[in-house]
Each structure stands twice: as C-alpha cells, then as structure tokens.
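# Notes for the structure review
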Amino acid sequence: MGEVFSPTAADGDLARARDGDEAAFSRLVRPLRPELHAHCYRMLGSVHDADDALQDALLRAWRGLARFEGRSSLRSWLYAVTNHACLDLVESRGRRALPMDLGPSSERAVVDGQGPLGDVAWLGPYPDAGLTDGPAGRYERREAVELAFVAALQHLPGNQRAALLLFEVLGFSAAEIAAMMKTSAASVNSALARARRILAEKAPSLDRQRAPRTIGDPRVREIAVGFASALESGDADALIALLTDDVTWSMPPLPRWYRGIAAVTDFAVQVPLTRCPSWRYVLTGANGQPAVAFYVGEGAARPHTAWSITVLTLRDERICEITSFLGAEHFAGFGLPAVFPGVLTAGDGGR
C-alpha cells in the first residue's frame, strides 16, 4: 500500500480512462469493487447504503481521475475517494442500530406489543458472497463484518470509524490514512486511540483472534441445520438444547428483544413455534457467520414467502446470539427468491 503506481498492463487502461474511455475505467476498478463495497458496509451498516456510497464514490473517481497522479497506488486513491463518500453518508444518515441499542430486553414474550419501528435506521445483514480474502490488517476480512464488530462501529464518530477500519482491517499506515483523510498522522493516531477505547466498551467480548465460524464448517452447518429444523418441526426441546444460558434473540425492525434462556424460550414457544404455521429454510452465510433464510407459509402445502435472514453467533458450539433480520428486501442480496423455491415435505427444509 502506498506504493508508486508501477507500469503494468493496467497502465494502458488508465491512460484510456483518462481520455474518457468508460470501459477502461470499469476494467480498472472491477477487481477492487468487492473490497470497496465491504468497506462501505462496515462504515454504514447497510447493504443499501453501501450500494449508494460505492456508486457515488466510483462516479467521483471517474470524474476526478485526472487528479490521480500515481504518487500512491490506484487502490489507495480509490479508498480515499470511497472513504469520503462514506463519511458524507454517515453525516447525512446517522448511525445504524440494533434493538438492544434502544432499550432493555423483555422478560416475557410480547405477542401484541409494539410493531416495527420505521423511523429507526436499522443495521442490516451482509451476504458472505460479497466478502473477499487476501491481505488484511489485524482483523481478518470475515471477522471485520461480524455483527458484533459492525454494530460496535456504529457507536464511533465517522472519522474514528474510518481511521480504525483503514488501519486495523485494511492495513494502511497512519501516514497513508492521514493523506486519505487530509489530516495529520497525529490526528489519525488520536482517533485510533479513542476508537479502540469505545470499541472495547461496546464489544468487550469481541474475540479478534478466533477463526471465523462459517457455514462451510461441518459442525457449524450441523448446528445451523439443527436450529432451523427445530423451528420447522416445532421442537422446543431441540431448539433450547442448542442455546447458551445467556442467549439473546433480536428481530429488527421490531424493537423488542430477549436475553437469557428463560426469556428466549418463552418467546420461541409462544411465537415462532406456535404462531407461525409452517417454516421452510435455506442455509446461507451472512457477516462471516452461519445464517438461515427462513420462509413462512400458512400451511405445509401452501406457498412460503421470505420472512427473515437469521444470523447465528456461536460460542463453544452453542448459539449465543440470534439476530433475525425481518423483511423480504434482504433476500435479493443473498441471491434468494421471495418465495421458497420448490415444494418440499415437512422436514426437508433447505438442505
């Protein structure tokens, strides 16, 4: 990072792009789009906001390409442009939240309580398909989109959020970040120190060193299937056996959430296991974690429509956090249809 732009096969595309060739510009930025998009999500906590920020950033880059003089890498320059686009959105749209940011947990199932809150900017899930591997900083790429990390980032001011991500996740130096953000290295180091303190307060149990727990791990897949199958079959005992004693269950955009095995069990028994007639599921991955796309229908033989992308956080081979992002609008980003694909018998699920 920070290297002089060296003569490569991309030089021809860069020259053509500067002359107004949009196709050449597209070829230049295509390899970097996935990681730039993931950075936008970390900054903004929403796939839709990340889409907007990246579109804006690439438009800015295209219009300002003549200002790229090759003193840094094209990647560094694009991150600088993208970072400014994200900071503008942070300023205008504010931070994203989860239900636990709004108030205390409920001790009993709330069946006829407050409905979805439309005036809250909710944190959203991020499809694993959008993640890329490769060189990174202190945090691995998948760990850096885990829900606990992204949720904690939302408590940081925009400049601190950007400095932390550019340094800890992407591995840029303080001097490089200072150039990107048009400030001093001392200011960057100060922002990093403040950001780390806030992050430690908001996510004290965040384990930066543990390996990502993805749906490709056989044991993780077994746990996800067990969870989904328990809902599908209405088996409360099987569901409870998979949970830690301090488990939480939240369902944005619903403000109510539950903490502890007693409260979560009461909610599970009274709502998803009894009031939702029929479930179907497809295993997927979100935020570098196992996830289940749930569909609900009025009966086993009736159509099942998109209900939630449910992200599971594991600890010691049990589920310690269940975050169900309600809404069919989340499914397209995961390449999933709004209606369950195929007609399956009970118990087949999405396996």
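You'll find the structure just up there.
Quick caveat: nothing in here was measured; it's all calculated off a predicted structure.

Each value, and the rule that gives it
Residues numbered from 1 in each chain as written. Predicted model: local features only at pLDDT ≥ 70, side-chain atom pairs only at ≥ 80, totals over all residues. Heavy atoms only, no water. Helix = DSSP H or I, 4+ residues; strand = E, 2+ residues; numbered from the N terminus. Buried < 20%, exposed > 50% of the residue type's maximum accessible area, 1.4 Å probe, protein only. Contact = heavy atoms within 4.5 Å. Areas by Shrake-Rupley, 256 points an atom, 1.4 Å probe, with all protein chains shown as cover. Expected span 1.5 Å × (residues − 1). Arc of directions from axis to C-beta. Polar contact = N/O pair within 3.5 Å; in protein donor to acceptor, adjacent residues only side chain to side chain. Salt bridge = Lys/Arg side-chain N within 4 Å of Asp/Glu carboxyl O. Pairing = 2+ DSSP bridges. Axes fitted to C-alpha atoms, helices over the stretch in contact; angles between N-to-C directions. Parallel < 35°, antiparallel > 145°, perpendicular 65-115°, else oblique. Left-handed = near helix turned anticlockwise from the far one by under 90°.

### Considering the overall build of the chain
Check the secondary structure of the chain and you find 12 helices and six strands. For the chain, the proportion of its 351 residues judged to be buried stands at 51%. Sequence-distant contacts in the chain: of pairs separated by 6 or more residues, those separated by 24 or more amount to 67%. Looking at the chain as shown, the accessible area adds up to about 15,700 Å², and 52% of this sits on carbon and sulfur atoms.

### What to know about helix α7 (residues 158-169)
Between its first and last C-alpha atoms α7 spans 16 Å; for 12 residues at 1.5 Å apiece the expected length is 16 Å, and the two agree. Within the sequence span of α7, burial applies to G158, Q160, R161, A162, A163, L164, L165, L166, E168 and V169. Among the structural elements, α3 (33-44), α5 (74-93), α6 (147-153), α8 (174-181) and α9 (185-202) are those in contact with the buried residues of α7.

### As for helix α4 (residues 47-63)
Side chains of residues three or four places apart in an α-helix project in the same direction, reflecting 3.6 residues per turn. The end-to-end C-alpha distance of α4 is 24 Å, a good match for the 24 Å that 17 residues give at a rise of 1.5 Å each. Here α4 has its buried residues at V47, D49, A50, A53, L54, A57, L58 and A61. Considered in projection along α4, the buried side chains sweep an arc of 160° and stay on one side of the axis. Along α4, exposed side chains directed more than 90 degrees from the buried face belong to Q55 and R63. Elements that come into contact with the buried residues of α4 comprise α2 (22-29), α3 and α5. In this structure S46 caps α4, since a side-chain oxygen of it lies 3.2 Å from the backbone nitrogen of H48.

### Quick word on the pattern of salt bridges
Going through the model one piece at a time under the given rule, you end up with 15 salt bridges. A salt bridge links R315 to D246, with the nearest nitrogen and oxygen atoms 3.1 Å apart. Taken together, the residues R315 in strand β5 (residues 304-315) and D246 in strand β1 (residues 243-250) connect sequence positions 69 residues apart. Bridged by salt links that share partners, the residues D49, D52, R93 and R96 form one connected network.

### Some remarks on the sheet that holds β1
Across the sheet, which stays open at both edges, the six strands sit in the order β2-β1-β6-β5-β4-β3 with mixed pairing between neighbours. Both outer strands of the open sheet, β2 (257-259) and β3 (278-286), are each paired with one neighbouring strand and no more. In this sheet, neighbouring strand axes are inclined to one another by 20° on average, regardless of whether the strands run parallel or antiparallel. Most of the contacts of helix α10 (residues 218-233) go to β3, to which it runs at about 160°, and overall it touches β1, β3, β4 (289-297), β5 and β6 (318-326). Here helix α12 (residues 261-270) sits on the sheet and contacts β1 and β2; the angle it forms with β1, its principal contact strand, is near 55°.

### Observations regarding the packing of α3 against α5
Two elements in contact, α3 and α5, have axes whose closest approach is 10 Å; the angle formed by their N-to-C orientations is 30°. Of the possible angle classes, the one that applies to α3 and α5 is roughly parallel. As for the relative orientation of α3 and α5, their crossing is right-handed in sense. Side by side, α3 and α5 meet where E35, L36, H39, C40, M43 and L44 of the first sit next to R75, L78, Y79, T82, N83, C86, L87, L89 and V90 of the second.

### Comments concerning the side chain of R96
Topologically, R96 is positioned in the loop between α5 and α6. Dropping the residues within four chain positions of it, R96 is found in contact with L44, G45, S46, D49, A121, W122, L123 and Q154.

### Quick look at unusual backbone geometry
Omega for the bond connecting P252 with P253 falls within 30 degrees of zero, at 20°, which places this linkage in the cis form. Tracing the backbone shows P253 in the loop between β1 and β2. Unlike most non-glycine residues, N287 shows phi in positive territory, near 55°. Phi is positive for E317, which is not a glycine, with a value near 65°. Counting through the fold element by element, E317 comes out in the loop between β5 and β6. Judged by its relative accessible area of 41%, E317 is partly exposed.

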